[in-house]
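An overview of the molecular structure
Residue strings, one per chain:
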Amino acid sequence: METKEMIAAYATRLGDTSLILSHRLAKLYASGPTLEESVALTNISLDHLGQATTFYQYAAKLNANGLNEDDIAYRRNEREYDNFQLVEQPNTDFAFVMLRQYLVDAFNYHYYSALCDSNDETLAAIAAKAIKEVKYHYRHSREWLLRLGKGTEEAYNKLDNALVHLWSYTKEMFTPDAIDEALASLGIAVDLKSVQEQWERDVFEFFSELKLQIPEKIFQAKGCKEGNHTELLGHILCEMQYLPRAYPDAKW
Amino acid sequence: MDNNEEYQKNLLEFERKIEAEEKIEPRDWMPDAYRHHLIRQMSQHAHSEVIGMQPEGNWVNRAPSLRSKKILIAKIQDEGGHGLYLYYAAETLGVSRDQFVQWLHEGKAKYSSIFNYPSLSWADIGAIGWLVDGAAIVNQVSLCRTSYGPYSRAMVRICKEESFHQRQGYEIMCDMMNGTEDQRKMAQDAMNRWWWPSLMMFGPTDNDSPNSQRAMKWKIKRESNDKLRQKFIDKTMDQAEFIGLTVPDPDLKWNEETQHYDFGQIDWEEFYEVIKGRGPCNRQRLETHIQSHQEGEWVRNSAREYSRMMKEAKKELV
């Protein structure tokens, strides 16, 4: 694979995680615990959607195969999507939503901070814009976790339950594939080992403050970079891609 | 000065301000009936913004392009923001947001009946923006001059965003009318279903609108229902014709003499049925709102408990 192709695949997968998370959050437009929080959740959804769009636009430019950012989002199947399986997880309750967000925000914070120094100017520029948004997201989800983890017993239990479920989808975020390794050696991609160290330091310390026990000996999902998914992604794409698939000649 | 004298003096000063186009502010004296009229109208307006998120939210995960998805999410978010401005403004009248929401859930407060219709295709998102927000703007531009200061200022901000929504909705309709046969059919179908309910948004005819006269006298309302409805029809007709949409009203025609469009009979029976809670989505809209409010309760409780603990901890430090 040529470097250009690898960068396109790298940008596409970053876009995939942003798009699917944005999709999940968008559905919460009126389901926040307060109206203010519903507005905040849609705001964060919009930030992720903006990130997805710019990553896809860059991938489309590098691919130069006549497909645009909408084709990338709307015309690929489950196995062609490379998003983290974590972001596919459902909006079961507010503890799930906020913990999922926190785990991704902590990742994005360290990941995009590092990507700002990429040798690829476009990726660095996208990261420089994204990191401004991610800082807010991270603060927001962390503040909510404090309120859930240190507030009532009911909220703590719900958070603990969400952790048991979501922790299974954290490890694969740090597993590099051949593209990560090849691009990291050129100073283009982020070194995942270093992101993992920083993420674990933050998350373990915070969970210890919240007296949350990290689940041990549980299933760990893998293979998101090879198009592996939970059964949930197929349904997400069915819904998302319905119109462009049903009316392939239409422009919207 | 006895109570009656003081009341008359306050009333004169209030009426002088209204006459002089000075705004009434939260700490100013105002007649009880004026306050109650505003509480009813502003909370109904706030609820409409919030319930109005639902028919659009029905398509948020099916928007057909990244751009249209972005616009729709941003629009729904704007509506939530409008709900907030209006709840804040209405709270200045001495009623809490919790109370407003409780009245909504108990069926004591209403919201615009237009949101009790289902959104069945992507073209409905265009029709809601173009027709529903278009009708709302005609009403809201007039409300920017309303006599109650906080309401008027909220409306100025809201109108700026609503005019974007109206243009975005019209853009969807234009794109669909310029698109495939299927898209044109969808657009016309949405027009057929949303046209009459949009006209009903302005409320009953002036002869059947009991609260209107007093609201006009106090300049809460600045123009009558019928006048606003006519304004909307006149401006929308040209836009419909321009993109080749047919307005589903055989009696609609230009009247040279009045320089306005004449239009057919509105089905007021349907209007009152929906207002009384017997529209296609009344039950669903309210249940969805109640359910998400209830599901948020444990979160709000935990946030309150956390805040209480933090305050305690601060006290101990002092």
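All right, on to the interface of chain B and chain A then. On the side of chain A, 47 residues touch chain B, which itself brings 44 residues to the contact. The interface formed by chain B and chain A contains one salt bridge. Put simply, E36 of chain A and R97 of chain B hold a salt bridge, and the shortest N to O gap is 2.5 Å. Applying the counting criterion to the chain B and chain A interface returns 15 residue pairs in polar contact (both at pLDDT 80 or more). At the level of secondary structure, the elements contributing two or more residues to the side of chain B that touches chain A comprise α3 (53-57), α4 (66-91), α7 (149-177), α8 (181-200) and α13 (297-317) of chain B. The dominant element in the side of chain B that touches chain A, judged by the number of residues it contributes, is α4 of chain B, at 13 residues. Of the residues in the side of chain B that touches chain A, the class split is 21 nonpolar, 15 polar and eight charged.

The tally for this structure, following the rule as stated, stands at 29 salt bridges over all chains. The partner of R16 of chain B in a salt bridge is E22 of chain B, and the shortest N-O contact between them spans 3.1 Å. The partly exposed category is assigned to R16 of chain B, whose relative accessible area is 39%. What makes E22 of chain B partly exposed here is its relative accessible area of 33%. One salt bridge in this structure joins R308 of chain B and E305 of chain B, with 2.9 Å as the shortest N-O distance. With R308 of chain B and E305 of chain B both in helix α13 and three residues apart, this pair spans about one turn of that helix. Looking at R308 of chain B, the relative accessible area reads 42%, which means it is partly exposed. With relative accessibility at 23%, the residue E305 of chain B sits in the partly exposed group. In this structure, a network of salt bridges that share partners links the residues R13, D177, D180 and K225 of chain A.

In this structure, L25 of chain A sits in helix α1 (residues 3-26). Each residue touching L25 of chain A, except ones within four places of it in the same chain, is listed here: L41, I44, S45, H48, V97, R100 and Q101 of chain A.

Before going further, it helps to examine the environment of Q54 of chain B. Along the chain, the position of Q54 of chain B falls in helix α3. Owing to a relative accessible area of 7%, Q54 of chain B belongs among the buried residues under this scheme. A sequence separation of 64 residues divides Q54 of chain B from P118 of chain B, and the C-alpha atoms of the two residues are 9.4 Å apart. When residues no more than four places from it in sequence are discounted, the contact partners of Q54 of chain B are Y29 of chain A together with Q284, R285, T288 and H289 of chain B.

All right, on to α13 of chain B then. Spanning 21 residues, α13 of chain B covers 30 Å between terminal C-alpha atoms, matching the ideal 30 Å at 1.5 Å per step. Along α13 of chain B, the residues classified as buried are W298, V299, R300, S302, A303 and Y306 of chain B. Against α4 (94-115), α5 (121-149) and α6 (153-166) of chain A together with α12 (282-295) of chain B lie the buried residues of α13 of chain B.

Quick look at the packing of α1 of chain A against helix α9 (residues 232-240) of chain A now. Two quantities define a packed helix pair, namely the angle between the helix axes and the distance between the axes. Residue and element names in this part refer to chain A. Direction vectors running N to C along α1 and α9 enclose 75°, while the axes themselves pass 12 Å from each other. As the angle between them shows, α1 and α9 are arranged roughly perpendicular. Of α9, the residues touching α1 (which contributes L19, I20, H23 and R24) are L232, L233, I236, L237, E239 and M240.

Another aspect to go through is the packing of aromatic side chains. All names here are of chain B. All told, the structure shown has 31 aromatic pairs over all chains when counted by the stated rule. Ring geometry for F271 versus Y272: centroids 5.0 Å apart, planes at 75°, classification edge-to-face. Residue placement shows R167 over the ring face of F164; its charged tip is 5.2 Å from the ring centre.

Our focus in this paragraph is the domain arrangement of chain B. All names here are of chain B. If you check the domain split of chain B, you get domain 1 (31-280) and domain 2 (281-318). Computed from C-alpha coordinates alone, the two centres of domain 1 and domain 2 are separated by 31 Å. Carbon and sulfur atoms make up 55% of the area that domain 1 and domain 2 hide from each other, which totals about 1,100 Å². Where domain 1 meets domain 2, there are zero salt bridges. Seen at the junction of domain 1 and domain 2, the total is eight residue pairs in polar contact (both at pLDDT 80 or more). Taken together, the elements giving at least two residues each to the side of domain 1 that touches domain 2 come down to α2 (32-51), α3 and α5 (97-105). A breakdown of the residues in the side of domain 1 that touches domain 2 according to their chemical character gives 11 nonpolar, five polar and one charged.

Reading the values: rules and limits
- Residues numbered from 1 in each chain as written.
- Chains lettered and ligands numbered in written order.
- Predicted model: local features only at pLDDT ≥ 70, side-chain atom pairs only at ≥ 80, totals over all residues.
- Heavy atoms only, no water.
- Contact = heavy atoms within 4.5 Å.
- Salt bridge = Lys/Arg side-chain N within 4 Å of Asp/Glu carboxyl O.
- Polar contact = N/O pair within 3.5 Å; in protein donor to acceptor, adjacent residues only side chain to side chain.
- Helix = DSSP H or I, 4+ residues; strand = E, 2+ residues; numbered from the N terminus.
- Nonpolar A, V, L, I, M, F, W, Y, C, P; charged D, E, K, R; others polar.
- Buried < 20%, exposed > 50% of the residue type's maximum accessible area, 1.4 Å probe, protein only.
- Expected span 1.5 Å × (residues − 1).
- Axes fitted to C-alpha atoms, helices over the stretch in contact; angles between N-to-C directions.
- Parallel < 35°, antiparallel > 145°, perpendicular 65-115°, else oblique.
- Phe/Tyr/Trp six-rings, centres within 6.5 Å; stacked < 30°, edge-to-face > 60°.
- Lys NZ or Arg CZ within 6 Å of the ring centre and 35° of its normal.
- Domains from an automatic or database assignment.
- Buried area = accessible area lost by both parts, 1.4 Å probe.

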